[in-house]
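Residue-level listing of the chains:
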Amino acid sequence: MDRRRKPKLAVWKFSSCSGCQLALLNLEDELLQVAGAVDIAYFPEASRAVAKGPYDLSLVEGSITTPHDVERIKDVRRESKYLVAVGACATAGGIQALRNFKDVNEFVSTVYASPEYIETLAKSTPIADHVLVDFELRGCPINKRQLLEVLSAFLHGRRPNTPPHSVCVECKQVGNTCVMVAQGIPCLGPVTHAGCGALCPAYNRGCYGCFGPMETPNPEALSEQWGRLGVGEEEIVRAYRGFNANAEAFRKEGEAREKQDAQS
Amino acid sequence: MKSKTLKVEYLARVEGEGGLYIKVKDGRVAEVKLKIFEPPRFFEALLRGRNFAETPDITARICGICPVAYQMCAVHAMESAFGVRVGGQLRALRRLIYLGEWIESHALHVYLLHAPDFLGYEDAVRMAGDHPDVAERGLQLKKIGNEVVAAVGGREIHPINVRVGGFYRLPEKRELTPLVGRLEWAREAAVETVRWVAALPFPAFERDYTFVALRHPEEYPVNEGRVVSNKGLDIPGEEYDAHFEEEHVEHSNALHSVMKEGGEYCVGPLARYNLNFGLLSPPAQEAARTAGLDPVCRNPFKSIIVRSVEMVHACDEAIGIINDYEPPEEPFVEVRPRPATGYACTEAPRGILYHRYGVDGNGTVTDAKIVPPTAQNQKAIESDLREFVSRFLDLPEDKLQWQCEQAVRNYDPCISCATHLIKPRIVRE
């Protein structure tokens with residue numbers, strides 16, 4: 001990057017809850033420093049000023065759900081040196097990807113009195129299904145410390161350090177007793193990507209998979225363990241059909257269990 | 001007389017994607033559209049077939065700015081369906097997490113999204129360049145709100161500790177007490193905020209609104225109360241559907257909530273304040289009086305003062321809740337699903353949020369309806385714009401456009417929330 005000028009940061013929103021952009025504004029102690037280190041060139045949630053591209057770093061929140069957004073994300077890619085997808089919507093399709101398993105027309109008519117006004121795609125898909133993504137930051141929502149790590153890494157031209165191991169490792173790090181072993185609580189931790197700090201087990205509940213699949217997960221083995229705890233197939237399917245339902249490992253295991261449930 | 005068209009393609013400093021279109025013909029406002037092009041996410045549909053216990057976590061994802069509001073509505077609605085009441089310290093903890101969200105959301109809006117308009121800055125970062133102390137105060141207030149939410153809920157965005165019947169784990173007293181000193185600072189900072197925003201320049205603009213908010217006999221409304229208006233409405237939350245309806249209109253932007261017997265209405269801080277002034281804590285009432293804000297306020301631009309007054313109240317009440325807190329024996333009340341319909345109305349930072357669920361005997365959701373505050377305010381926003389533009393037609397074009405944007409931001413609209421009820425066809429002139 002040219003050292004004489006500040007790198008230009010852009011923040012884009014697609015189909016989402018705005019929570020991952022908010023994580024940037026939730027860096028209360030660092031926000032003004034961040035604004036000092038980069039030129040916040042495009043961030044409509046925070047500023048009415050718009051600086052034209054190209055941008056050095058684009059953070060993209062949200063999934064692709066409309067024909068217009070299929071085109072818009074290509075424009076964003078063209079304008080961006082680096083593009084980072086942030087959050088479960090941008091990296092997996094988000095909770096709105098539950099439509100991918102159903103007939104979307106049924107969804108439209110459930111919510112809207114006049115479905116003919118609605119323009120939407122049959123599937124909610126992650127950014128990487130449409131354009132090249134330089135890095136994916138997981139989470140529903142993302143962890144703001146990890147967001148700061150991503151910003152800092154791109155500013156310094158290195159790869160962000162966001163460990164891809166499971167939530168189980170985080171449980172060990174913070175000293176949680178395993179809720180599944182000790183209390184028999186079904187937990188997605190063994191297959192879920194780290195990043196939250198093993199929050200749910202610290203609150204006596206099983207992980208529900210906000211950060212999506214870890215690197216090389218084994219969901220089949222976990223489902224069998226859940227079965228031994230007395231969890232029915234239908235409930236197992238629902239567990240994988242959450243905020244990262246469309247992430248490959250979760251999608252496949254959900255579909256496999258659904259098939260088994262239909263056969264039994 | 002002149003004709004002109006004001007267009008804002010992409011409204012900034014609101015949560016979500018929307019635009020603005022105002023057409024003036026022969027000196028009269030011919031058309032006002034608050035355009036919403038945020039894509040729909042179909043929450044009511046995807047909730048069908050889910051277990052009741054999942055509703056707080058799923059509906060939280062409607063909005064990253066006010067997830068607690070959705071969680072609170074979901075748990076109250078399910079408890080109403082199953083005939084369970086949650087009282088005592090569990091109820092107090094729910095108020096605490098909700099008040100934390102009010103502080104966070106209000107500080108975000110007052111300092112980062114709205115104040116820059118009054119002072120002529122494009123954003124808070126530019127404002128911070130000239131007013132570093134003010135920006136720092138706003139960010140710290142926001143941070144303390146987040147700390148309260150995280151202390152009870154585990155994290156600030158999409159908290160993980162809320163469940164139907166109560167919480168997964170109770171905070172220890174020692175986890176909450178360190179917040180008292182922080183909140184005492186925040187209460188002072190909020191009083192200072194009231195003083196600061198009251199001195200901003202306000203356009204002379206008032207309308208005779210129908211204000212709708214919750215009212216509770218003993219407390220400023222947060223989680224519970226009857227739905228009342230300043231024009232005689234007084235109903236329990238279960239009767240919401242009998243008095244309000246949503247219109248999916250062939251108008252390029254949005255679906256409008258209306259009162260069946262009275263049309264347009266306004267929810268949010270201004271409505272809460274006008275209907276509940278006497279229930280604000282003494283320091284909040286005092287801050288309002290000192291700032292010259294009457295118990296009745298019909299200037300929507302002054303909602304920034306009201307939000308600040310509510311921050312004083314929220315800090316004050318949060319301190320009281322923590323001081324009185326003793327962990328109860330159980331973190332939650334057991335619920336047993338039964339076939340029923342559950343309802344809840346609570347006060348999100350932006351106004352009343354309504355949830356209704358049909359549930360079967362297994363606890364599976366058969367039907368869901370969610371009405372967020374921004375969907376309810378759209379008609380009022382458009383009427384404000386129509387009247388504002390008519391009165392201030394002679395302002396220079398760029399100034400008028402900016403003030404129109406500001407008039408929309410008066411409502412702190414959350415388009416992400418409203419959009420599951422909104423027509424998203426993209427029309428860009």
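Above this text sits the structure in question.
Colleague: For this particular structure, what's the right way to read the overall build of chain A?
Modeller: Looking only at helices and strands, chain A has 12 helices and five strands in total. Expressed as lengths along the three principal axes of its C-alpha atoms, the size of chain A is roughly 65 × 50 × 25 Å. Buried positions account for 59% of the 264 residues belonging to chain A. Sequence-distant contacts, at least 24 apart, represent 72% of the contacts inside chain A between residues at least 6 apart. Surface accessibility of chain A: about 10900 Å² in total, with carbon and sulfur atoms responsible for 50%. Of note, chain A has its 30 positive side-chain charges centred 6 Å away from the centre of its 32 negative side-chain charges.

Colleague: For this particular structure, what's the right way to read the sheet that holds strand β13 (residues 365-371) of chain B?
Modeller: Neighbouring strands of a sheet are bound in pairs by backbone hydrogen bonds; such pairs are parallel or else antiparallel. All names here are of chain B. The three strands lie next to each other as β11-β12-β13, forming an open sheet whose pairing is antiparallel. Of all strands in the sheet, those bounded by a partner on one side alone are β11 (340-348) and β13. Going across the sheet, the axis of each strand differs from the next one's by a mean of 15°, ignoring polarity. Relative to strand β12 (residues 351-359), β11 runs antiparallel, the two being bridged by nine bridges. Bridge pairing in β12 places A340 opposite V359. In this fold helix α3 (residues 67-82) packs onto β11, β12 and β13, with an angle of close to 150° to the strand it touches most, β11. Strands β11, β12 and β13 of the sheet are contacted by helix α13 (residues 373-391), whose axis makes an angle of about 130° with β12.

Colleague: What is the right way to look at the interface of chain B and chain A in this model?
Modeller: As a measure of interface size, the accessible area lost when the parts come together is often cited. Counting from both sides, the interface comprises 74 residues of chain B and, opposite them, 59 residues of chain A. For the pair chain B and chain A, the summed buried area comes to about 5700 Å², and 60% of that belongs to carbon and sulfur atoms. Linking chain B to chain A there are seven salt bridges. Of the charged contacts, one joins B:E122 and A:R48 as a salt bridge, the two residues approaching to 3.4 Å between their closest N and O atoms. Secondary structure elements with two or more residues in the side of chain B that touches chain A: α1 (43-47), α2 (55-60), α4 (88-119), α5 (124-130), α6 (132-153) and α14 (397-409) of chain B.

Colleague: Looking at this structure, how should I read the sheet that holds strand β7 (residues 226-229) of chain B?
Modeller: Residue and element names in this part refer to chain B. The three strands lie next to each other as β6-β7-β8, forming an open sheet whose pairing is antiparallel. Because the sheet does not close on itself, it has two edges, and the strands there are β6 (212-215) and β8 (234-235). Summarising the sheet, β6 and β7 pair through four bridges and their orientation is antiparallel. Across the sheet, V212 pairs through a bridge with S229, a residue of β7.

Colleague: Mind showing me how you'd approach the side chain of A:Q21 here?
Modeller: All names here are of chain A. Residue placement: Q21 occurs in helix α1 (residues 19-25). By relative accessible area, Q21 is classed as buried at 5%. A polar contact is formed between the side chain of Q21 and the side chain of E45, at a distance of 3.3 Å. Discounting residues that sit within four places of it in the chain, Q21 has contacts with V11, K13, F43, E45 and E61.

Colleague: Please explain unusual backbone geometry as it appears in this structure.
Modeller: Trans is the prevailing form of peptide bonds, just as negative phi is the prevailing case for residues other than glycine. All names here are of chain A. Note that the residue after G53, namely P54, is joined by a cis bond; omega there is 0°. Within the secondary structure, P54 is located in the loop between β2 (39-42) and β3 (55-61). The linkage connecting C140 with the following residue, P141, adopts the cis geometry, with an omega of 5°. Mapped onto the secondary structure, P141 falls in the loop between β5 (135-137) and α6 (144-155). The phi dihedral of T216 is positive, around 40°, even though this residue is not glycine. Take T216: it is sitting in the loop between α9 (199-202) and α10 (219-228).

Colleague: Help me out: how do you make sense of the environment of A:M214 in this one?
Modeller: All names here are of chain A. In this fold, M214 is placed in the loop between α9 and α10. Between the alpha carbons of M214 and K6 there is a distance of 35 Å; along the sequence they are 208 residues apart. Beyond its immediate stretch of four places on either side in the chain, M214 contacts P164, H165, S166, P190, V191, T192 and H193.

Colleague: What exactly am I supposed to notice about empty space enclosed by the protein here?
Modeller: Space left empty within the atom packing is revealed by a probe, the size of a water molecule, rolled over the atoms. Residues and elements named next belong to chain A. For the coordinates displayed, the defined rule picks out 11 cavities of 30 Å³ or more. As a volume, the largest cavity reaches approximately 120 Å³. Lining of the largest cavity is provided by 20 residues; of these, S16, C17, C20, C89 and C140 occupy positions nearest its centre. Sorting the residues of the lining of the largest cavity by element identifies α1 and α4 (87-92) as the ones contributing at least two each. With three residues, the single largest contributor to the lining of the largest cavity is α4. The residue inventory of the lining of the largest cavity, partitioned by class, reads 10 nonpolar, seven polar and three charged.

Colleague: Whenever I open this one, the layout of surface pockets confuses me. Can you help?
Modeller: For the largest pocket, the calculated volume is near 880 Å³. Along the walls of the largest pocket sit 30 residues, with A:R205, A:E235, B:A53, B:E54 and B:Y168 positioned nearest its centre. For the lining of the largest pocket, the secondary-structure elements that each account for two or more residues are α11 (233-240) of chain A together with α2 of chain B. Considering only residue class, the lining of the largest pocket consists of 18 nonpolar, four polar and eight charged.

Procedures and definitions
- Residues numbered from 1 in each chain as written.
- Chains lettered and ligands numbered in written order.
- Predicted model: local features only at pLDDT ≥ 70, side-chain atom pairs only at ≥ 80, totals over all residues.
- Heavy atoms only, no water.
- Helix = DSSP H or I, 4+ residues; strand = E, 2+ residues; numbered from the N terminus.
- Buried < 20%, exposed > 50% of the residue type's maximum accessible area, 1.4 Å probe, protein only.
- Contact = heavy atoms within 4.5 Å.
- Areas by Shrake-Rupley, 256 points an atom, 1.4 Å probe, with all protein chains shown as cover.
- Lys, Arg positive; Asp, Glu negative; His and termini not counted.
- Charge placed at Lys NZ, Arg CZ, Asp CG, Glu CD.
- Pairing = 2+ DSSP bridges.
- Axes fitted to C-alpha atoms, helices over the stretch in contact; angles between N-to-C directions.
- Buried area = accessible area lost by both parts, 1.4 Å probe.
- Salt bridge = Lys/Arg side-chain N within 4 Å of Asp/Glu carboxyl O.
- Polar contact = N/O pair within 3.5 Å; in protein donor to acceptor, adjacent residues only side chain to side chain.
- 1 Å grid on protein atoms, 1.4 Å probe; cavity = no way out; pocket = protein on both sides within 12 Å on 5 of 7 lines; lining within 4 Å.
- Points joined across faces, edges and corners; volume = space filled by probe spheres on them.
- Nonpolar A, V, L, I, M, F, W, Y, C, P; charged D, E, K, R; others polar.

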